[in-house]
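Listed below are the residues making up each chain.
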Amino acid sequence: MGITLFFLVLAPLCLIWINRPERLIQLMIIMGIFEASAAITIGGFGIAPNTLPAIAMVCYIGAQFLLGARYPGRARVWPLLIPLLVVAGWAILTSWLSPRFFEGRVYVWPQKSTPPFVITPLTPSSANLNQDLYLLLNIIIFVMVALYMTRQGAPGRPLHPVSILRAYFASVLLAFGFGVWQFASHVAHVPFPSDMLYSNPGWSILTEQTVGSLPRINATFSEPSAFGGYMAAGAFCAGWLILNDFPGTLVRITLAAAVTGVFLSTSATGIVTLGIGALIVVLMGVTIHAKRFLPMIKRRAIQFLIFSIVIMVLVTVMIPDLLTSLGTIVDSVTNKQDSESYNARSSTDLDSLQAAIDTFGFGVGWGNNRSSSLIPGLLAAIGIPGMLGLIWFAWRLISRVRSLRRMDRKLEDIQVVNGASAALAGYLVSACLSAPTITTASFYVFLALLISGIARAEGTQASKAPASLFPPAERRSPNPGRIRGTAPSSIRG
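Residues numbered from 1 in each chain as written. Predicted model: local features only at pLDDT ≥ 70, side-chain atom pairs only at ≥ 80, totals over all residues. Heavy atoms only, no water.

### Considerations on the overall build of the protein
Part 1: A tally of regular secondary structure across the protein gives 17 helices and nine strands.
Part 2: Carbon together with sulfur atoms contributes 67% to the accessible area of the protein, which is approximately 25,100 Å² in total. (Helix = DSSP H or I, 4+ residues; strand = E, 2+ residues; numbered from the N terminus. Areas by Shrake-Rupley, 256 points an atom, 1.4 Å probe, with all protein chains shown as cover.)

Here it is as structure tokens:
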């Protein structure tokens, strides 16, 4: 068992903020960028740094539940939580049943393959136990954060859910700073703390990849595509909030850093995700929110174009060889389907779909198969019943968000709903391109933040509903004793 610098820093902070769950949530978001690091190592297994504040938060809120604490928005939150809880229960159940029912009849890609990397028959084992534990911890975090963030706060210390968004912006800027630091290390041999940042023995770290003469940057993440995907999700969140009049300069700095970080990573996943996000914004601007968004999109587009031209001119003058490397990056993105990695990923996805078919649509169980992208991975893991449950969950969230469109977008709860939904969209788009599952706790925190924001906004909307000063009087019968019969002539007219 080994203790790293992360543990020495985080353990005191968790003790100081043990009665401040909102601080622990912020700390968990910021520490989420250090996915290739470990706070504690146990043999070949590493505990991620954000696990420490997550456990402290779960312990405190769990103790409150045991002491009888009840949160004001629980009546609105629980109906929204139930679909995902049902899917999680199904995933854990099938992780133990499917390997026993379909043993030797279905072929899967193991979670942690060892050379030679080959597809293997499905068999009962304890290999999926870690994945079940991660899922269970994430679901507990999801439920507790969703309930806790509906409270108003203690007297003199109100709860501001938008502070979680600002912590997310800080995490994007911090990850971008480490990316620039790593780039300087590759180019100018500036010392870089690789041993500290890549201390998790459970991850395969890819730090020596290049595109042409440019090094690929993974910053604090295990690989460049993870870094690019995180930056793209940050750009989704910041860009959507700017279009919805989110105040302050921090969000604008975050957008610029996130977009730059995507290109710094040279990740095809990040670049394509960023392009899809821009397309979504434009489509929504010209359809759903045309009157409000079109002038803003035009104004921001002109500003972004001028900024891009200035940067391109400066970079071309200062680093002439960069154009050749940029051409290589463009070729790698546009011709990705011709590469060996793309063919291997496609083959893995097809094998995952075949595993779902071979189990008659029930799935091989959570943690028993590893795909290359999200949709085939979910189909293989939880099957058609689980996917239907996720569609049910997503539809309920979308319908509730749409019902809040007429509320003032400058309200804090609406800003939280907009920011959380945009960040989730970024995570999902990136995962659909090149991630087997979404196991990061930050995703579940944003999901909980979205649900709590919906509950708080609906509560505000209900409290502002116009009430009649004099309710309409009940219609009285002229003859109360008669239930049936012919009305008097004065009523019949």
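Still more to cover.
### Here's the deal with the confidence of the model for the protein
Interpretation of the predicted coordinates at a detailed level should be avoided for regions scoring low in pLDDT.
Part 1: Chain-level statistics for the protein give a pLDDT mean of 81 and a share of 78% at 70 or above.
Part 2: Summarising per-element confidence for the protein, the mean pLDDT is lowest in helix α17 (residues 489-492) (38) and highest in helix α2 (residues 21-31) (94).
Part 3: Segment residues 467-471: pLDDT under 50, and zero contacts once partners within four positions in sequence are set aside and those in other chains are kept. (pLDDT = per-residue confidence, 0-100. Contact = heavy atoms within 4.5 Å.)

### Describing the sheet that holds strand β1 (residues 2-3)
Part 1: With respect to topology, three strands assemble into an open sheet ordered β1-β2-β3, the strand pairing being antiparallel. The sheet is open, and its two edges are formed by β1 and β3 (45-47), each paired on a single side. (Pairing = 2+ DSSP bridges.)

### Let's talk about a nonpolar patch on the surface
Part 1: Taken together, I3, L5, L8 and V9 make up a surface patch of nonpolar side chains, about 390 Å² in accessible area.
Part 2: With three residues, helix α1 (residues 5-16) is the single largest residue contributor to the nonpolar patch.
Part 3: When you line up the elements, L8 lands in helix α1.
Part 4: Residue classification places L8 among the exposed positions, given a relative accessible area of 54%. (Patch = residues over 30% accessible without salt bridge, like charges linked within 9 Å, V, L, I, M, F, W, Y side chains within 5 Å. Salt bridge = Lys/Arg side-chain N within 4 Å of Asp/Glu carboxyl O. Buried < 20%, exposed > 50% of the residue type's maximum accessible area, 1.4 Å probe, protein only.)

### Things to note about the pattern of salt bridges
Part 1: For the coordinates displayed, the defined rule picks out four salt bridges.
Part 2: Where E22 meets R20, a salt bridge forms, and the shortest distance between an N and an O atom there is 3.0 Å. Grouping residues by exposure puts E22 and R20 together as buried.
Part 3: Among the ionic pairs, E458 bridges to R76, the shortest N-O distance being 3.8 Å. With E458 in helix α16 (residues 441-463) and R76 in helix α4 (residues 74-101), this pair connects stretches of sequence that are 382 residues apart.
Part 4: Note on E458: relative accessible area 12%, which makes it buried.
Part 5: On the basis of relative accessibility, which here comes to 34%, the residue R76 falls in the partly exposed class.

### Regarding the nonpolar core
Part 1: Counting 107 residues, the largest nonpolar core has M57, I141, F142, Y168, F446 and I451 as its most contacted members.
Part 2: Among the elements that make up this core, the one with the highest residue count is α16 (13 residues).
Part 3: Among residues more than four places away in sequence, those in contact with F142 are L81, L84, F393, Y444, L447, A448 and I451.
Part 4: Among the nonpolar cores identified, the runner-up in size contains six residues, and F102, V106, L122 and V364 belong to it. (Core = buried A, V, L, I, M, F, W, Y, C linked by side-chain atoms within 4.5 Å.)

### Considering unusual backbone geometry
Part 1: In the Ramachandran plot, H189 falls in the positive-phi region, its phi being about 60° despite a non-glycine side chain.
Part 2: Within the secondary structure, H189 is located in the loop between α6 (162-188) and α7 (194-197).
Part 3: Of note, the phi angle at F360 is positive, near 60°, even though the residue is not glycine.

### A word on the packing of helix α5 (residues 129-148) against α16
Part 1: Contact pair α5 / α16: the axes reach a minimum separation of 8 Å and the direction vectors enclose 30°. Taken together, the axes of α5 and α16 lie roughly parallel to each other. Between α5 and α16 lies a crossing of right-handed hand. Contacts between α5 and α16 involve L135, N138, I139, I141, F142, V145 and A146 from the former and A441, Y444, V445, L447, A448, I451 and S452 from the latter. (Axes fitted to C-alpha atoms, helices over the stretch in contact; angles between N-to-C directions. Parallel < 35°, antiparallel > 145°, perpendicular 65-115°, else oblique. Left-handed = near helix turned anticlockwise from the far one by under 90°.)

### Digging into the packing of aromatic side chains
Part 1: According to the stated counting rule, one finds 19 aromatic pairs in the structure shown.
Part 2: Judged by centre distance (5.5 Å) and plane angle (85°), the ring pair of F443 and Y444 falls under edge-to-face. Neither residue differs from the other here; F443 and Y444 are each classed as buried.
Part 3: What links up through ring pairs into an aromatic cluster is the set Y168, F169, F221, F227, Y230, F246, Y427, F443, Y444 and F446. (Phe/Tyr/Trp six-rings, centres within 6.5 Å; stacked < 30°, edge-to-face > 60°.)

### Quick notes on the environment of I451
Part 1: Structurally, the position occupied by I451 is in helix α16.
Part 2: Note: C-alpha distance between I451 and W78 (373 residues apart in sequence) is 9.5 Å.
Part 3: Beyond its immediate chain neighbours, meaning those up to four positions away, I451 contacts V77, L80, L81, F142, A146, F393 and L397.

### Quick look at α2
Part 1: With respect to burial, α2 is a largely interior element, nine of its eleven residues being buried.
Part 2: Listing the buried residues of α2 in full gives P21, E22, L24, I25, Q26, L27, M28, I29 and M31.
Part 3: Buried residues along α2 sit in contact with α1, α3 (51-66), α5, α6, α8 (224-243) and α16.

### Concerning the environment of G261
Part 1: Assignment of secondary structure puts G261 in helix α9 (residues 250-265).
Part 2: When the C-alpha atoms of G261 and F227 are compared, they prove to be 8.0 Å apart, with 34 residues separating the residues in sequence.
Part 3: When sequence neighbours within four positions are dropped, the list of residues in contact with G261 reads F176, F227 and M231.

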